[in-house]
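# Close look at the chain arrangement
Given next are the chains, with one letter for each unit.
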Amino acid sequence: MGDIPLMPVSDARARILEAITPMVPERVPLAKALGRVLAGNVVATRSQPPADLSAMDGYAVRADDVQTVPARLSVVGEAAAGSSYDKPLKAGEAVRIFTGAPLPAGADSIVIQENTERYGDYVIAREKAKSGAHIRRAGLDFKEGDVGLSVGRKLSPADIAYAAAMNVPVVIAHKRPKIGFFSTGNELVLPGATPGPHQIVSSNNDGLSALIESAGGEPFDLGIIADDIVAIQSAGRHARDCDMLVTLGGASVGDHDLVQSALTADGLTVDFWRIAMRPGKPLMFGRYRDIPMLGLPGNPVSAMVCAHLFLLPAIAAMQGLHAPLVLTRARLGAALAANDKREDYLRGTLVERDNALPVATAFERQDSSMLSAMSAADCLIVRAPNAAAAAAGDMVSVLRLR
Ligand code: AMP
Ligand code: MG
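This one's a predicted model, so the numbers in the text were calculated from it and none came from an experiment.

## A closer look at the packing of helix α1 (residues 9–18) against helix α6 (residues 300–318)
One way to put it is that α1 packs onto α6 with a least axis distance of 10 Å and a crossing angle of 30°. Put simply, α1 runs roughly parallel to α6. Every pair of crossing elements has a handedness; the one defined by α1 and α6 is right-handed. Contacts between α1 and α6 involve V9, A12, R13, I16 and L17 from the former and L309, F310, P313, A314 and A317 from the latter. Classifying every residue of the contact of α1 with α6 by side-chain character gives nine nonpolar, no polar and one charged.

## Here's the deal with the site of ligand 1
Around ligand 1, the structure places 14 residues, and the nearest of them are S183, E187, S202, G250 and G298. One of the side-chain nitrogen or oxygen atoms of S202 is found 3.0 Å away from a nitrogen atom of ligand 1. Between ligand 1 and S203, the relevant distance is 3.1 Å, taken from a nitrogen atom to a main-chain nitrogen or oxygen of the residue. Contact with the protein chains covers 76% of the free accessible surface of ligand 1, which is 480 Å². Considered class by class, the residues forming the shell around ligand 1 number four nonpolar, eight polar and two charged.

## A few points about the packing of helix α3 (residues 204–214) against α6
Where α3 meets α6, the closest approach of the two axes is 10 Å, and the angle between their N-to-C directions is 25°. Comparing their axes, α6 and α3 come out roughly parallel. Here α3 and α6 pass one another in a crossing that is right-handed. Across the interface between the two elements, N204, G207, L208, L211 and I212 of α3 pack against P300, A303, M304, A307, H308, L311, L312 and I315 of α6. Among the residues forming the contact of α3 with α6, the class breakdown is 10 nonpolar, three polar and no charged.

## Looking at the nonpolar core
Among the nonpolar cores identified, the biggest contains 40 residues, and L208, M277, L294, L296, F310 and L311 are the most heavily contacted of them. At the level of secondary structure, the elements contributing two or more residues to this core comprise α1, β13 (178–184), α3, β17 (244–248), β21 (291–296), α6 and β25 (379–383). Sort the elements by how many residues they give to this core and α6 lands first, with 13 residues. Summarising the domain contributions, this core has at least three residues from each of domain 1 (9–23 + 176–318) and domain 4 (328–400). Setting aside chain neighbours within four positions, we find F310 in contact with V9, A12, R13, I16, I275, M277, L283 and L294.

## Overview of the state of the cysteines
A complete count under the given rule lists zero disulfides for this structure. The structure places no disulfide on C306, whose sulfur is separated from the nearest cysteine sulfur, that of C379, by 17 Å. Here C306 falls in the buried class, since its relative accessible area comes to 0%.

## Observations concerning the sheet that holds strand β7 (residues 109–112)
What the six strands build is an open sheet, ordered β7-β4-β6-β5-β9-β8; its pairing is mixed. Each of the sheet's edge strands pairs with one partner strand only, and the pair in question is β7 and β8 (116–119). Neighbour-to-neighbour, the strand axes of the sheet open up by a mean angle of 40°, direction not taken into account.

## A short note on the packing of aromatic side chains
Across all of its chains, the model carries three aromatic pairs by this definition. Ring centres of F142 and Y162 lie 5.7 Å apart, and the angle between their planes is 55°; this geometry places the pair in the tilted category. Taken together, the residues span a long stretch of sequence, with F142 in the loop between β10 (135–136) and β11 (147–149) and Y162 in helix α2 (residues 157–165) at a distance of 20 residues. By relative accessible area, F142 is classed as buried at 2%.

## Here's the deal with the sheet that holds strand β20 (residues 284–288)
Here we have six strands laid out as an open sheet, ordered β16-β13-β17-β21-β20-β18, and mixed in their pairing. Of all strands in the sheet, those with a lone pairing partner are β16 (218–225) and β18 (268–273), marking the two edges. When strand polarity is set aside, the average angle formed by the axes of neighbouring strands in this sheet is 20°. In this structure, β17 lies alongside β21, joined through four bridges in parallel fashion. Bridging across to β21, T247 finds its partner in G295.

## Here we look at α1
Within the sequence span of α1, burial applies to V9, A12, R13 and I16. Angular distribution of buried residues about the axis of α1 spans 95°; they occupy a single face of the element. Against the buried residues of α1 lie β18, β19 (277–278), β20, β21, α6 and β23 (343–353).

## Considerations on the pattern of salt bridges
Following the criterion strictly, the structure yields 15 salt bridges and no others. The partner of R62 in a salt bridge is D65, with the nearest N and O atoms 3.9 Å apart. Residue R62 is classed as partly exposed on the basis of its relative accessible area of 29%. Of the residues examined, D65 reaches a relative accessible area of 22% and is grouped as partly exposed. Between R126 and E117 there is a salt bridge whose closest N-O contact spans 2.5 Å. Its relative accessible area of 27% is what places E117 among the partly exposed residues. Through salt bridges with shared partners, a single ionic network connects R237, D266 and R289.

Criteria and thresholds
- Residues numbered from 1 in each chain as written.
- Chains lettered and ligands numbered in written order.
- Predicted model: local features only at pLDDT ≥ 70, side-chain atom pairs only at ≥ 80, totals over all residues.
- Heavy atoms only, no water.
- Axes fitted to C-alpha atoms, helices over the stretch in contact; angles between N-to-C directions.
- Helix = DSSP H or I, 4+ residues; strand = E, 2+ residues; numbered from the N terminus.
- Parallel < 35°, antiparallel > 145°, perpendicular 65-115°, else oblique.
- Left-handed = near helix turned anticlockwise from the far one by under 90°.
- Contact = heavy atoms within 4.5 Å.
- Nonpolar A, V, L, I, M, F, W, Y, C, P; charged D, E, K, R; others polar.
- Near = heavy atom within 4 Å.
- Polar contact = N/O pair within 3.5 Å; in protein donor to acceptor, adjacent residues only side chain to side chain.
- Areas by Shrake-Rupley, 256 points an atom, 1.4 Å probe, with all protein chains shown as cover.
- Core = buried A, V, L, I, M, F, W, Y, C linked by side-chain atoms within 4.5 Å.
- Buried < 20%, exposed > 50% of the residue type's maximum accessible area, 1.4 Å probe, protein only.
- Domains from an automatic or database assignment.
- Disulfide = S-S within 2.5 Å.
- Pairing = 2+ DSSP bridges.
- Phe/Tyr/Trp six-rings, centres within 6.5 Å; stacked < 30°, edge-to-face > 60°.
- Arc of directions from axis to C-beta.
- Salt bridge = Lys/Arg side-chain N within 4 Å of Asp/Glu carboxyl O.

Okay, here's the thing in structure tokens:
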């Protein structure tokens, strides 16, 4: 067994992404659109501003009338946001105007309030007016027909405000992929239970659920399944209407690792199994009936790290995102020993510095069961297969976890 070459991490990810097809589009109201990925362009249905508007509180004037100051103008009306002065401004006239109000016809400048004195039905302007001053021209922000937001964009809060301003209350986005998953293990109990001395509280279900949610997927938790062929097959079938099945644990070579044999007998075709990575060697990927299937290791840290490296990119691709894993450069805070033939992902801290690369320091203990370390980790420090020993200060690549 030891002779079988293990698949490199990047090849494994590429094979997974090749097997992914983007979700179909659906209509999503803006209130639900944060983080969703556009499957259709957002096109402005009006121009903004829709007309020339005042950008200040003051007086709309003809700049020609206010070239010699002080200048006296008669105040013939008022325009506030949402209302207008509808007659054309004549020579020697001014209209009291407020921010956001439409500029009256004939006016070409705003004299700001601070530079005026008001006496009943006339006003004295104390500053010379410049044509165009303090006016937001129609279409300054965007024009009707403009493509404001394009396909593939993951919507931020500002994007949602922008779509609303374009008067597009519903956008076309890829459906969120529904990810069904279950843990296997006779030793597992749910959080909140009273575990016996040999039982382990399942951390993977809730952890994976949160990770799926954070990536825009829709988690579908099928619970804890016994190490039993029939039970595993039945759990798999419950994921039939999901867009992807993820299993946790039971993927290794022990007598109780039954996921592969159980599901292979029930519609799973394995693409690959076992990769050159630590933590997480027994990773499995294939097609279960009509959907992609990812088998994650049961060790909680291995499960999390592998989910970051393989499941999150898959969920992104299902939403139509091209989101390559972004590695950051950092300096090592402490020396590292030479690596063996598996790509290593060390849990560690990442400390930011002014005008210098951040400092990444691996935790002393890297046991793949230690959730305390995974929770404390800011990053995963990536060690290439067969990397030489590295000293403090050497450059490394890290995957940020926050
Ligand atoms: P397995 O991959 O099934 O061989 O599990 C490897 C290790 O991870 C064992 O020590 C399991 O008890 C532990 N483990 C498996 N599944 C979970 C889970 N859902 N939550 C916490 N630990 C788990
Ligand atoms: Mg197990």
